[in-house]
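# Descriptive structure summary
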Amino acid sequence: MPPVPKKQKQPPPQPAIGFLATFGLVGSLLSALYLASWATSSVERFERVKSYPSRFTIQGLPADIYSLVPNHISSVVESFLGFAGPLDFEEWVDWEEKKAWGGLLMNVHPDGTMPGCVVASPSTFKPDYWYQWTRDSALVMRSVVNAYISGESQHRHLIDEYIAASECTPFTGEWSRPQPDGPGARVITLVKFASYLLDFGNEDDKAFVKTKLYDSKSPTKSIIKGDMEYLARHWGDPGYDLWEEVQGTHFYTLLATRTALFTGASLATKLGDDAAATYYRTQALIIEGLLPKFWSEEKGVVRVTVNHTIGRDSEENAHKGDDTYGKTSELDAAVILAVLHSGDGTDWSVGNDKILSTLDGLMKAMSKVYPLNKGRLYPALGRYPEDVYDGVGISHANPWHLCTLAAAELLYKHSALLSNSSAPLVVSKISKKWYERFLPLPEGGATISPGTGEYGKIVDGQKAVADGLVGIVKEFAGRNGSLHEQFDRITGEGRGARDLTWSYASFTTAAEARRGCPLAKKPRPNHSASVW
(Lines give C-alpha, C1' and ligand atoms only; values in the text may rest on other atoms or scores of the structure.)
Protein backbone atom coordinates (compact mmCIF):
# COMPACT_ATOMS: atom_id res chain seq x y z
CA MET A 1 0.00 0.00 0.00
CA PRO A 2 1.54 3.25 -0.99
CA PRO A 3 2.40 5.70 1.77
CA VAL A 4 -0.18 8.30 2.60
CA PRO A 5 1.08 11.69 1.37
CA LYS A 6 1.74 14.29 4.02
CA LYS A 7 -0.76 17.05 4.30
CA GLN A 8 0.60 20.09 2.55
CA LYS A 9 0.87 23.28 4.59
CA GLN A 10 -1.56 25.80 3.17
CA PRO A 11 -0.61 29.48 2.97
CA PRO A 12 -2.68 31.81 5.13
CA PRO A 13 -5.67 33.42 3.43
CA GLN A 14 -4.78 36.64 1.57
CA PRO A 15 -7.00 39.65 1.03
CA ALA A 16 -8.33 39.98 -2.50
CA ILE A 17 -6.16 43.03 -3.14
CA GLY A 18 -3.25 43.73 -0.80
CA PHE A 19 -1.28 46.92 -0.39
CA LEU A 20 1.21 46.09 -3.14
CA ALA A 21 -1.57 45.07 -5.49
CA THR A 22 -3.41 48.33 -4.74
CA PHE A 23 -0.24 50.29 -5.33
CA GLY A 24 0.26 48.43 -8.59
CA LEU A 25 -3.30 49.14 -9.61
CA VAL A 26 -2.88 52.85 -8.91
CA GLY A 27 0.42 52.81 -10.80
CA SER A 28 -1.24 51.12 -13.77
CA LEU A 29 -4.05 53.62 -13.64
CA LEU A 30 -1.59 56.50 -13.58
CA SER A 31 0.20 55.00 -16.56
CA ALA A 32 -3.07 54.59 -18.43
CA LEU A 33 -4.05 58.17 -17.68
CA TYR A 34 -0.64 59.36 -18.79
CA LEU A 35 -0.83 57.46 -22.08
CA ALA A 36 -4.41 58.51 -22.71
CA SER A 37 -3.52 62.12 -22.00
CA TRP A 38 -0.51 61.91 -24.30
CA ALA A 39 -2.59 60.43 -27.08
CA THR A 40 -5.25 63.10 -26.82
CA SER A 41 -2.98 65.95 -25.88
CA SER A 42 -2.72 69.41 -27.32
CA VAL A 43 -0.38 72.23 -26.39
CA GLU A 44 -2.60 73.34 -23.55
CA ARG A 45 -3.41 69.83 -22.26
CA PHE A 46 0.06 68.37 -21.93
CA GLU A 47 3.11 70.33 -22.81
CA ARG A 48 6.77 70.03 -22.02
CA VAL A 49 7.97 73.02 -20.07
CA LYS A 50 11.14 73.91 -21.93
CA SER A 51 12.30 76.28 -19.22
CA TYR A 52 12.17 73.55 -16.56
CA PRO A 53 14.33 70.61 -17.77
CA SER A 54 12.92 67.12 -17.19
CA ARG A 55 9.66 68.54 -15.96
CA PHE A 56 6.14 68.27 -17.30
CA THR A 57 3.07 70.30 -16.49
CA ILE A 58 -0.33 68.66 -16.73
CA GLN A 59 -2.78 71.32 -17.84
CA GLY A 60 -5.84 69.11 -17.69
CA LEU A 61 -7.11 65.68 -18.72
CA PRO A 62 -10.14 64.97 -20.90
CA ALA A 63 -13.35 64.73 -18.91
CA ASP A 64 -14.29 61.41 -20.52
CA ILE A 65 -11.24 59.74 -18.94
CA TYR A 66 -12.37 60.82 -15.47
CA SER A 67 -15.84 59.44 -16.10
CA LEU A 68 -14.31 55.95 -16.42
CA VAL A 69 -12.53 56.13 -13.06
CA PRO A 70 -14.34 55.12 -9.84
CA ASN A 71 -14.67 58.02 -7.43
CA HIS A 72 -12.46 56.59 -4.67
CA ILE A 73 -9.66 55.79 -7.14
CA SER A 74 -10.07 59.17 -8.81
CA SER A 75 -9.53 60.93 -5.48
CA VAL A 76 -6.27 59.04 -4.91
CA VAL A 77 -5.03 59.85 -8.41
CA GLU A 78 -5.98 63.51 -8.18
CA SER A 79 -4.29 63.85 -4.80
CA PHE A 80 -1.13 62.20 -6.19
CA LEU A 81 -1.06 64.61 -9.13
CA GLY A 82 -1.80 67.67 -7.01
CA PHE A 83 -5.35 68.10 -8.29
CA ALA A 84 -8.05 69.73 -6.19
CA GLY A 85 -10.39 66.77 -5.86
CA PRO A 86 -13.87 67.29 -4.40
CA LEU A 87 -13.67 70.63 -2.55
CA ASP A 88 -16.49 72.99 -1.70
CA PHE A 89 -16.18 76.64 -2.72
CA GLU A 90 -14.56 77.90 0.49
CA GLU A 91 -12.05 75.05 0.55
CA TRP A 92 -11.24 75.53 -3.12
CA VAL A 93 -10.56 79.26 -2.74
CA ASP A 94 -8.05 78.52 0.03
CA TRP A 95 -6.50 75.69 -1.99
CA GLU A 96 -6.31 77.70 -5.20
CA GLU A 97 -4.76 80.70 -3.46
CA LYS A 98 -1.86 78.50 -2.38
CA LYS A 99 -1.59 77.11 -5.89
CA ALA A 100 -1.66 80.62 -7.33
CA TRP A 101 1.14 81.72 -5.05
CA GLY A 102 3.11 78.66 -6.08
CA GLY A 103 2.56 79.42 -9.76
CA LEU A 104 3.48 83.08 -9.28
CA LEU A 105 6.71 82.29 -7.44
CA MET A 106 7.71 79.66 -10.01
CA ASN A 107 7.66 82.37 -12.68
CA VAL A 108 10.02 84.60 -10.73
CA HIS A 109 13.57 83.77 -11.85
CA PRO A 110 12.77 80.39 -13.45
CA ASP A 111 15.58 78.28 -14.91
CA GLY A 112 17.13 79.93 -17.93
CA THR A 113 16.62 83.49 -16.68
CA MET A 114 18.68 85.90 -14.63
CA PRO A 115 17.83 86.67 -10.99
CA GLY A 116 14.98 89.14 -10.67
CA CYS A 117 13.33 88.24 -13.94
CA VAL A 118 9.54 87.84 -13.80
CA VAL A 119 8.40 85.99 -16.92
CA ALA A 120 4.86 86.57 -18.12
CA SER A 121 4.43 82.83 -18.74
CA PRO A 122 6.60 79.75 -19.30
CA SER A 123 5.04 79.49 -22.78
CA THR A 124 7.69 79.94 -25.48
CA PHE A 125 5.67 79.05 -28.57
CA LYS A 126 2.18 80.00 -29.71
CA PRO A 127 2.21 82.23 -27.85
CA ASP A 128 5.73 83.24 -26.89
CA TYR A 129 5.37 84.99 -23.54
CA TRP A 130 8.90 84.20 -22.40
CA TYR A 131 9.51 87.87 -21.68
CA GLN A 132 9.36 90.29 -18.78
CA TRP A 133 6.90 93.13 -19.22
CA THR A 134 7.49 96.21 -17.05
CA ARG A 135 3.78 96.45 -16.23
CA ASP A 136 3.14 92.76 -15.54
CA SER A 137 6.26 92.32 -13.43
CA ALA A 138 5.48 95.45 -11.37
CA LEU A 139 1.97 94.18 -10.59
CA VAL A 140 3.24 90.71 -9.72
CA MET A 141 6.00 92.08 -7.49
CA ARG A 142 3.46 94.31 -5.75
CA SER A 143 1.92 91.12 -4.37
CA VAL A 144 5.38 90.00 -3.24
CA VAL A 145 6.09 93.39 -1.65
CA ASN A 146 2.76 93.28 0.20
CA ALA A 147 3.58 89.80 1.48
CA TYR A 148 7.02 91.01 2.63
CA ILE A 149 5.51 93.99 4.45
CA SER A 150 3.03 91.61 6.11
CA GLY A 151 5.93 89.73 7.67
CA GLU A 152 7.06 87.21 5.07
CA SER A 153 10.70 88.26 5.15
CA GLN A 154 11.81 85.29 3.04
CA HIS A 155 10.72 87.26 -0.05
CA ARG A 156 13.25 90.07 0.45
CA HIS A 157 15.81 88.58 -1.90
CA LEU A 158 13.21 88.35 -4.70
CA ILE A 159 12.48 92.07 -4.37
CA ASP A 160 16.18 93.01 -4.31
CA GLU A 161 16.84 90.88 -7.39
CA TYR A 162 13.86 92.40 -9.20
CA ILE A 163 15.22 95.90 -8.53
CA ALA A 164 18.67 94.92 -9.81
CA ALA A 165 17.18 93.31 -12.94
CA SER A 166 15.36 96.53 -13.82
CA GLU A 167 18.67 97.91 -15.07
CA CYS A 168 19.02 95.22 -17.74
CA THR A 169 18.89 95.62 -21.53
CA PRO A 170 15.40 96.31 -22.91
CA PHE A 171 13.83 94.44 -25.81
CA THR A 172 14.36 96.48 -28.99
CA GLY A 173 12.46 94.43 -31.58
CA GLU A 174 9.32 95.62 -33.35
CA TRP A 175 6.57 96.23 -30.79
CA SER A 176 4.05 98.74 -29.47
CA ARG A 177 5.95 101.69 -27.99
CA PRO A 178 5.84 103.51 -25.70
CA GLN A 179 3.88 101.78 -22.93
CA PRO A 180 3.99 104.45 -20.19
CA ASP A 181 1.78 102.53 -17.78
CA GLY A 182 4.78 100.31 -17.01
CA PRO A 183 6.89 102.95 -15.23
CA GLY A 184 3.81 104.15 -13.35
CA ALA A 185 3.04 100.66 -12.07
CA ARG A 186 6.68 100.14 -11.08
CA VAL A 187 6.82 103.43 -9.14
CA ILE A 188 3.68 102.55 -7.15
CA THR A 189 5.15 99.15 -6.23
CA LEU A 190 8.63 100.35 -5.33
CA VAL A 191 7.56 103.49 -3.45
CA LYS A 192 5.59 101.23 -1.13
CA PHE A 193 8.69 99.10 -0.59
CA ALA A 194 10.97 102.13 -0.14
CA SER A 195 8.62 103.79 2.34
CA TYR A 196 8.49 100.62 4.41
CA LEU A 197 12.30 100.39 4.52
CA LEU A 198 12.62 104.03 5.55
CA ASP A 199 10.09 103.58 8.35
CA PHE A 200 11.06 100.14 9.64
CA GLY A 201 14.38 99.16 8.06
CA ASN A 202 17.91 99.33 9.43
CA GLU A 203 20.61 101.77 8.33
CA ASP A 204 21.63 99.55 5.40
CA ASP A 205 18.02 99.48 4.20
CA LYS A 206 17.80 103.26 4.33
CA ALA A 207 21.08 103.61 2.45
CA PHE A 208 19.72 101.20 -0.16
CA VAL A 209 16.67 103.41 -0.68
CA LYS A 210 18.81 106.56 -1.02
CA THR A 211 21.18 105.04 -3.57
CA LYS A 212 19.37 102.36 -5.57
CA LEU A 213 15.75 103.51 -5.39
CA TYR A 214 15.69 107.29 -5.08
CA ASP A 215 19.02 109.15 -5.02
CA SER A 216 17.59 112.69 -5.37
CA LYS A 217 20.06 113.41 -8.18
CA SER A 218 19.52 114.76 -11.68
CA PRO A 219 20.47 113.04 -13.89
CA THR A 220 19.81 109.94 -11.84
CA LYS A 221 20.79 106.31 -11.85
CA SER A 222 18.15 105.25 -9.33
CA ILE A 223 15.06 103.43 -10.53
CA ILE A 224 12.20 105.35 -8.85
CA LYS A 225 13.71 108.75 -9.53
CA GLY A 226 14.32 107.80 -13.16
CA ASP A 227 10.77 106.60 -13.67
CA MET A 228 9.40 109.71 -11.98
CA GLU A 229 11.34 112.02 -14.26
CA TYR A 230 10.10 110.16 -17.32
CA LEU A 231 6.48 110.24 -16.17
CA ALA A 232 6.49 113.89 -15.14
CA ARG A 233 7.96 115.04 -18.46
CA HIS A 234 6.26 112.67 -20.91
CA TRP A 235 2.83 111.85 -19.50
CA GLY A 236 1.18 113.96 -22.22
CA ASP A 237 2.78 112.00 -25.07
CA PRO A 238 0.56 109.45 -26.84
CA GLY A 239 1.31 105.87 -25.92
CA TYR A 240 -0.10 102.37 -26.15
CA ASP A 241 -2.64 100.91 -23.77
CA LEU A 242 -2.01 98.04 -21.38
CA TRP A 243 -3.22 95.57 -24.06
CA GLU A 244 -0.53 96.95 -26.41
CA GLU A 245 -3.01 97.59 -29.20
CA VAL A 246 -4.39 101.13 -29.15
CA GLN A 247 -2.37 104.34 -29.25
CA GLY A 248 -3.75 107.46 -27.61
CA THR A 249 -4.52 108.75 -24.12
CA HIS A 250 -5.71 106.00 -21.78
CA PHE A 251 -7.63 106.05 -18.51
CA TYR A 252 -5.55 103.18 -17.12
CA THR A 253 -2.25 104.86 -17.95
CA LEU A 254 -3.21 108.33 -16.68
CA LEU A 255 -4.60 107.03 -13.38
CA ALA A 256 -1.42 104.98 -12.85
CA THR A 257 0.72 108.02 -13.71
CA ARG A 258 -1.29 110.31 -11.43
CA THR A 259 -0.95 107.96 -8.46
CA ALA A 260 2.73 107.28 -9.18
CA LEU A 261 3.53 111.00 -9.26
CA PHE A 262 1.68 111.70 -6.00
CA THR A 263 3.19 108.76 -4.11
CA GLY A 264 6.62 109.44 -5.59
CA ALA A 265 6.35 113.10 -4.57
CA SER A 266 5.72 112.03 -0.97
CA LEU A 267 8.86 109.90 -1.07
CA ALA A 268 10.83 112.80 -2.60
CA THR A 269 9.71 115.09 0.22
CA LYS A 270 10.71 112.52 2.82
CA LEU A 271 14.18 112.37 1.24
CA GLY A 272 14.59 116.13 0.98
CA ASP A 273 14.13 116.46 -2.79
CA ASP A 274 11.60 119.25 -2.32
CA ALA A 275 11.84 121.00 -5.69
CA ALA A 276 11.28 117.74 -7.55
CA ALA A 277 8.41 116.84 -5.24
CA THR A 278 6.66 120.11 -6.05
CA TYR A 279 7.08 119.52 -9.77
CA TYR A 280 5.74 115.96 -9.52
CA ARG A 281 2.68 117.09 -7.57
CA THR A 282 1.97 119.85 -10.06
CA GLN A 283 1.94 117.35 -12.93
CA ALA A 284 -0.21 114.93 -10.94
CA LEU A 285 -2.81 117.64 -10.28
CA ILE A 286 -3.00 118.44 -13.99
CA ILE A 287 -3.63 114.77 -14.76
CA GLU A 288 -6.23 114.57 -12.01
CA GLY A 289 -8.16 117.34 -13.72
CA LEU A 290 -8.18 115.42 -17.01
CA LEU A 291 -9.53 112.10 -15.71
CA PRO A 292 -13.22 113.19 -15.51
CA LYS A 293 -13.13 113.80 -19.27
CA PHE A 294 -13.10 110.04 -19.86
CA TRP A 295 -16.70 109.83 -18.65
CA SER A 296 -19.32 109.48 -21.40
CA GLU A 297 -22.68 110.75 -20.20
CA GLU A 298 -24.31 109.36 -23.34
CA LYS A 299 -23.02 105.81 -22.93
CA GLY A 300 -22.87 105.79 -19.15
CA VAL A 301 -19.31 104.43 -19.10
CA VAL A 302 -15.78 105.57 -18.35
CA ARG A 303 -14.19 105.47 -21.79
CA VAL A 304 -10.98 103.51 -21.95
CA THR A 305 -9.19 105.77 -24.49
CA VAL A 306 -9.48 109.27 -25.93
CA ASN A 307 -7.36 111.22 -28.43
CA HIS A 308 -6.68 108.13 -30.55
CA THR A 309 -3.76 108.08 -32.95
CA ILE A 310 -2.87 105.51 -35.61
CA GLY A 311 -1.47 102.34 -34.10
CA ARG A 312 1.02 99.69 -35.20
CA ASP A 313 1.33 98.86 -38.86
CA SER A 314 1.81 95.14 -38.35
CA GLU A 315 0.02 91.89 -39.15
CA GLU A 316 -0.90 91.63 -35.48
CA ASN A 317 -3.07 94.72 -35.82
CA ALA A 318 -6.57 93.42 -36.48
CA HIS A 319 -7.89 96.89 -37.29
CA LYS A 320 -5.40 98.63 -39.58
CA GLY A 321 -6.56 102.11 -40.38
CA ASP A 322 -9.03 102.18 -37.48
CA ASP A 323 -7.45 104.20 -34.71
CA THR A 324 -10.15 103.10 -32.22
CA TYR A 325 -9.26 99.43 -32.85
CA GLY A 326 -12.93 98.63 -33.39
CA LYS A 327 -13.91 99.56 -29.83
CA THR A 328 -17.24 101.15 -30.63
CA SER A 329 -18.69 100.40 -27.18
CA GLU A 330 -15.69 102.07 -25.46
CA LEU A 331 -16.10 99.47 -22.71
CA ASP A 332 -12.95 97.82 -21.41
CA ALA A 333 -11.93 95.83 -18.34
CA ALA A 334 -8.85 98.06 -18.24
CA VAL A 335 -11.00 100.65 -16.45
CA ILE A 336 -11.73 98.17 -13.65
CA LEU A 337 -8.07 97.18 -13.48
CA ALA A 338 -7.07 100.86 -13.30
CA VAL A 339 -9.14 101.35 -10.16
CA LEU A 340 -7.68 98.24 -8.51
CA HIS A 341 -4.08 99.03 -9.43
CA SER A 342 -4.02 102.80 -8.97
CA GLY A 343 -7.32 104.06 -7.53
CA ASP A 344 -6.73 103.85 -3.77
CA GLY A 345 -6.93 107.29 -2.22
CA THR A 346 -8.39 108.89 -5.34
CA ASP A 347 -11.86 109.89 -6.46
CA TRP A 348 -11.77 106.80 -8.69
CA SER A 349 -12.26 104.26 -5.92
CA VAL A 350 -14.10 100.94 -5.98
CA GLY A 351 -17.33 102.69 -4.94
CA ASN A 352 -17.25 105.41 -7.58
CA ASP A 353 -20.66 105.68 -9.27
CA LYS A 354 -19.15 105.97 -12.75
CA ILE A 355 -16.95 102.93 -12.21
CA LEU A 356 -19.93 100.85 -11.04
CA SER A 357 -21.92 102.04 -14.06
CA THR A 358 -19.03 100.95 -16.29
CA LEU A 359 -18.89 97.56 -14.59
CA ASP A 360 -22.62 97.17 -15.13
CA GLY A 361 -22.23 97.90 -18.85
CA LEU A 362 -19.26 95.58 -19.13
CA MET A 363 -21.07 92.65 -17.51
CA LYS A 364 -24.20 93.14 -19.63
CA ALA A 365 -22.14 93.31 -22.83
CA MET A 366 -19.99 90.28 -21.97
CA SER A 367 -23.02 88.16 -21.15
CA LYS A 368 -23.90 88.33 -24.86
CA VAL A 369 -20.40 87.99 -26.34
CA TYR A 370 -19.36 84.50 -25.24
CA PRO A 371 -21.54 81.41 -25.83
CA LEU A 372 -20.19 80.05 -22.56
CA ASN A 373 -22.13 82.76 -20.70
CA LYS A 374 -25.54 81.68 -21.99
CA GLY A 375 -27.87 81.00 -19.07
CA ARG A 376 -25.34 82.13 -16.45
CA LEU A 377 -26.38 84.45 -13.68
CA TYR A 378 -22.92 86.06 -13.68
CA PRO A 379 -20.87 86.31 -16.89
CA ALA A 380 -17.24 85.47 -17.48
CA LEU A 381 -15.44 88.63 -18.54
CA GLY A 382 -12.90 89.29 -21.26
CA ARG A 383 -10.96 92.42 -22.14
CA TYR A 384 -13.58 94.29 -24.20
CA PRO A 385 -16.64 93.27 -26.25
CA GLU A 386 -15.04 93.80 -29.68
CA ASP A 387 -11.87 91.82 -28.87
CA VAL A 388 -10.63 89.33 -31.50
CA TYR A 389 -7.37 88.11 -29.94
CA ASP A 390 -7.74 84.39 -29.25
CA GLY A 391 -4.53 83.92 -27.27
CA VAL A 392 -2.39 83.00 -30.28
CA GLY A 393 -3.72 84.95 -33.24
CA ILE A 394 -6.71 86.85 -34.55
CA SER A 395 -10.08 85.08 -34.69
CA HIS A 396 -12.61 85.05 -31.81
CA ALA A 397 -11.66 86.31 -28.38
CA ASN A 398 -12.22 84.46 -25.11
CA PRO A 399 -12.88 85.34 -21.47
CA TRP A 400 -9.80 86.11 -19.36
CA HIS A 401 -9.21 84.89 -15.82
CA LEU A 402 -7.66 88.18 -14.73
CA CYS A 403 -10.59 90.23 -16.06
CA THR A 404 -13.16 88.02 -14.37
CA LEU A 405 -11.18 88.13 -11.12
CA ALA A 406 -10.79 91.92 -11.35
CA ALA A 407 -14.56 92.41 -11.26
CA ALA A 408 -14.77 90.06 -8.28
CA GLU A 409 -11.99 91.87 -6.42
CA LEU A 410 -13.63 95.25 -6.97
CA LEU A 411 -16.93 93.98 -5.58
CA TYR A 412 -15.29 92.34 -2.56
CA LYS A 413 -13.52 95.60 -1.78
CA HIS A 414 -16.64 97.67 -2.23
CA SER A 415 -18.68 95.40 0.02
CA ALA A 416 -15.96 95.61 2.67
CA LEU A 417 -15.93 99.40 2.31
CA LEU A 418 -19.68 99.59 2.81
CA SER A 419 -19.57 97.20 5.78
CA ASN A 420 -17.04 99.37 7.59
CA SER A 421 -18.71 102.68 6.81
CA SER A 422 -21.08 104.64 9.03
CA ALA A 423 -22.09 106.98 6.20
CA PRO A 424 -25.27 106.44 4.19
CA LEU A 425 -25.01 105.07 0.67
CA VAL A 426 -26.17 107.63 -1.87
CA VAL A 427 -27.53 105.95 -4.99
CA SER A 428 -27.39 108.43 -7.87
CA LYS A 429 -28.99 108.27 -11.29
CA ILE A 430 -25.61 107.05 -12.56
CA SER A 431 -25.22 104.16 -10.10
CA LYS A 432 -28.91 103.24 -9.93
CA LYS A 433 -28.67 100.65 -12.72
CA TRP A 434 -25.97 98.84 -10.75
CA TYR A 435 -27.66 98.85 -7.35
CA GLU A 436 -31.08 97.90 -8.65
CA ARG A 437 -29.59 94.47 -9.35
CA PHE A 438 -30.09 93.91 -5.62
CA LEU A 439 -33.29 95.78 -4.74
CA PRO A 440 -35.94 97.98 -6.38
CA LEU A 441 -35.10 101.69 -6.34
CA PRO A 442 -37.05 104.88 -7.11
CA GLU A 443 -36.38 106.62 -10.41
CA GLY A 444 -34.31 109.44 -8.97
CA GLY A 445 -32.08 107.27 -6.78
CA ALA A 446 -32.08 106.86 -3.01
CA THR A 447 -30.16 107.34 0.22
CA ILE A 448 -29.75 104.09 2.15
CA SER A 449 -28.64 104.05 5.80
CA PRO A 450 -26.19 101.49 7.22
CA GLY A 451 -27.79 98.79 9.31
CA THR A 452 -30.99 98.68 7.27
CA GLY A 453 -32.19 95.64 5.39
CA GLU A 454 -31.71 97.42 2.06
CA TYR A 455 -28.11 98.24 2.91
CA GLY A 456 -27.45 94.63 3.84
CA LYS A 457 -28.95 93.39 0.59
CA ILE A 458 -26.46 95.44 -1.40
CA VAL A 459 -23.47 94.31 0.68
CA ASP A 460 -24.49 90.65 0.54
CA GLY A 461 -25.59 90.88 -3.08
CA GLN A 462 -22.26 92.27 -4.27
CA LYS A 463 -20.37 89.57 -2.40
CA ALA A 464 -22.62 86.94 -4.00
CA VAL A 465 -21.82 88.34 -7.46
CA ALA A 466 -18.11 88.32 -6.63
CA ASP A 467 -18.30 84.71 -5.41
CA GLY A 468 -20.14 83.82 -8.60
CA LEU A 469 -17.34 85.28 -10.70
CA VAL A 470 -14.69 83.42 -8.71
CA GLY A 471 -16.86 80.33 -9.16
CA ILE A 472 -16.41 80.69 -12.92
CA VAL A 473 -12.64 80.60 -12.42
CA LYS A 474 -13.10 77.52 -10.23
CA GLU A 475 -15.09 75.85 -13.00
CA PHE A 476 -12.50 76.45 -15.71
CA ALA A 477 -9.17 76.42 -13.87
CA GLY A 478 -6.96 73.39 -14.46
CA ARG A 479 -7.53 70.43 -12.17
CA ASN A 480 -4.06 71.12 -10.77
CA GLY A 481 -4.98 74.76 -10.14
CA SER A 482 -3.26 76.10 -13.25
CA LEU A 483 -4.58 79.30 -14.80
CA HIS A 484 -4.14 80.18 -18.46
CA GLU A 485 -4.46 83.69 -19.80
CA GLN A 486 -7.86 82.85 -21.30
CA PHE A 487 -10.46 80.09 -21.34
CA ASP A 488 -12.38 79.02 -24.41
CA ARG A 489 -15.50 81.05 -25.22
CA ILE A 490 -17.50 77.83 -25.77
CA THR A 491 -15.89 74.92 -23.88
CA GLY A 492 -13.98 76.72 -21.13
CA GLU A 493 -10.70 74.96 -21.96
CA GLY A 494 -7.54 76.92 -21.28
CA ARG A 495 -6.46 79.17 -24.14
CA GLY A 496 -3.47 81.39 -24.79
CA ALA A 497 -0.43 81.46 -22.55
CA ARG A 498 -0.50 78.83 -19.83
CA ASP A 499 0.45 79.49 -16.22
CA LEU A 500 0.10 83.23 -16.76
CA THR A 501 1.82 85.03 -13.91
CA TRP A 502 -0.67 87.90 -14.00
CA SER A 503 -3.56 85.43 -13.71
CA TYR A 504 -2.01 84.00 -10.56
CA ALA A 505 -1.36 87.46 -9.10
CA SER A 506 -4.98 88.39 -9.83
CA PHE A 507 -6.24 85.39 -7.91
CA THR A 508 -4.10 86.20 -4.88
CA THR A 509 -5.36 89.80 -4.72
CA ALA A 510 -8.98 88.70 -5.21
CA ALA A 511 -8.63 86.14 -2.41
CA GLU A 512 -7.07 88.78 -0.18
CA ALA A 513 -9.96 91.15 -0.90
CA ARG A 514 -12.45 88.38 -0.13
CA ARG A 515 -11.00 87.99 3.36
CA GLY A 516 -11.93 91.61 4.01
CA CYS A 517 -15.61 90.93 3.35
CA PRO A 518 -18.19 90.13 6.03
CA LEU A 519 -18.46 86.40 6.80
CA ALA A 520 -15.22 85.76 4.94
CA LYS A 521 -12.56 86.86 7.40
CA LYS A 522 -9.78 84.33 7.77
CA PRO A 523 -6.11 84.57 8.80
CA ARG A 524 -3.77 85.59 6.02
CA PRO A 525 -1.94 82.46 4.79
CA ASN A 526 1.84 82.30 4.71
CA HIS A 527 3.34 82.01 1.24
CA SER A 528 6.83 80.94 2.22
CA ALA A 529 7.02 77.91 -0.05
CA SER A 530 5.64 76.82 -3.35
CA VAL A 531 2.91 74.21 -3.05
CA TRP A 532 2.62 73.77 -6.80
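Just above, that's the structure.
Before going into details, it helps to say that this report is about the structure given with it.

## A look at the environment of Leu87
Relative to the elements of secondary structure, Leu87 occurs in the loop between helix H3 (71–81) and helix H4 (89–106). Each residue touching Leu87, except ones within four places of it in the same chain, is listed here: Trp92, Trp95 and Lys474.

## Comments concerning the pattern of salt bridges
Within the structure shown, the criterion is met by 30 salt bridges. One salt bridge connects Glu229 with Lys225, and the closest N-O pair in it is separated by 3.5 Å. Residue Glu229 and its partner Lys225 are located together in helix H9 (residues 223–234), separated by four residues, close to a single helical turn. Between Asp499 and Arg498 there is a salt bridge, with the nearest N and O atoms lying 3.4 Å from each other. We classify Arg498 as buried; its relative accessible area is 3%. A single network of salt bridges, built from pairs that share partners, joins Glu90, Lys463, Asp467 and Arg514.

## Looking at empty space enclosed by the protein
Counted under the stated rule, the structure contains four cavities of 30 Å³ or more. Its volume calculated, the second largest cavity comes out at about 60 Å³. Lining the second largest cavity are Pro180, Trp235, Asp237, Gly239, Gly248, Thr249, His250, Thr253 and Leu254. Every element with two or more residues in the lining of the second largest cavity is listed here: strand E4 (247–250) and helix H10 (251–270). In terms of residue count, the dominant contributor to the lining of the second largest cavity is E4 (three residues). Looking at the lining of the second largest cavity, its residues break down into three nonpolar, five polar and one charged.

## Topic: helix H5 (residues 134–149)
Helix length check: H5 (16 residues) gives 22 Å between terminal C-alpha atoms against 22 Å at 1.5 Å per residue, within 8%. The positive-phi residue at the C-terminal boundary of H5 is Gly151, with phi of around 115°.

## Quick notes on the packing of aromatic side chains
Summed over the entire model, instances satisfying the criterion amount to 14 aromatic pairs. Geometrically, the ring pair formed by Tyr131 and Trp133 is edge-to-face, given 6.0 Å between the ring centres and 75° between the ring planes. One aromatic cluster is present, built from ring pairs that chain together Tyr129, Tyr131, Trp133 and Phe171. A cation over a ring is seen here: Arg156 above Phe208, with NZ or CZ 5.9 Å from the ring centre. One residue, Lys327, lies across the ring of Tyr384, its end atom 4.1 Å from the ring centre.

## Here's the deal with the sheet that holds strand E7 (residues 305–309)
The strand order E3-E4-E7 describes an open sheet built from three strands, whose pairing is antiparallel. Each end of this open sheet is capped by a strand with a single partner; those strands are strand E3 (239–240) and E7. Together, E3 and E4 form the strand contacts of H10, whose direction differs from that of E4 by roughly 50°.

## Structural notes on the packing of H9 against helix H11 (residues 274–290)
Interaxial distance between H9 and H11 falls to 10 Å at its minimum, and their mutual angle equals 45°. Relative to H11, H9 is oriented oblique. Regarding H9 and H11, the two cross each other, and that crossing is left-handed. Together, Lys225, Met228, Glu229, Ala232 and Arg233 of H9 and Ala276, Tyr279, Tyr280 and Gln283 of H11 make up the contact between the two elements. Tallied by class, residues from the contact of H9 with H11 come to five nonpolar, one polar and three charged.

## A few points about the layout of surface pockets
It is the rolling of a water-molecule-sized probe over the atoms that shows where space remains empty. Of the volumes computed, that of the second largest pocket is approximately 860 Å³. Arg142, Asn146, Lys192, Leu340 and Lys413 are the residues nearest the centre of the second largest pocket, which is lined by 40 residues in total. Going through the elements one at a time, H4, H5, helix H7 (181–200), H10, helix H12 (333–342), helix H14 (401–419) and helix H17 (501–515) are the ones with two or more residues in the lining of the second largest pocket. Considering each element in turn, the lining of the second largest pocket owes the most residues, eight residues, to H17.

## Concerning the environment of Leu402
Turning to its location among the elements, Leu402 is positioned in helix H14. Residues Leu402 and His484, 82 residues apart in the sequence, show an inter-C-alpha distance of 9.5 Å. Residues in contact with Leu402, not counting those within four places in the same chain, are Trp243, Leu337, Leu500, Trp502 and Ser506.

How each quantity is defined
Residues numbered from 1 in each chain as written. Predicted model: local features only at pLDDT ≥ 70, side-chain atom pairs only at ≥ 80, totals over all residues. Heavy atoms only, no water. Helix = DSSP H or I, 4+ residues; strand = E, 2+ residues; numbered from the N terminus. Contact = heavy atoms within 4.5 Å. Salt bridge = Lys/Arg side-chain N within 4 Å of Asp/Glu carboxyl O. Buried < 20%, exposed > 50% of the residue type's maximum accessible area, 1.4 Å probe, protein only. 1 Å grid on protein atoms, 1.4 Å probe; cavity = no way out; pocket = protein on both sides within 12 Å on 5 of 7 lines; lining within 4 Å. Points joined across faces, edges and corners; volume = space filled by probe spheres on them. Nonpolar A, V, L, I, M, F, W, Y, C, P; charged D, E, K, R; others polar. Expected span 1.5 Å × (residues − 1). Phe/Tyr/Trp six-rings, centres within 6.5 Å; stacked < 30°, edge-to-face > 60°. Lys NZ or Arg CZ within 6 Å of the ring centre and 35° of its normal. Pairing = 2+ DSSP bridges. Axes fitted to C-alpha atoms, helices over the stretch in contact; angles between N-to-C directions. Parallel < 35°, antiparallel > 145°, perpendicular 65-115°, else oblique. Left-handed = near helix turned anticlockwise from the far one by under 90°.

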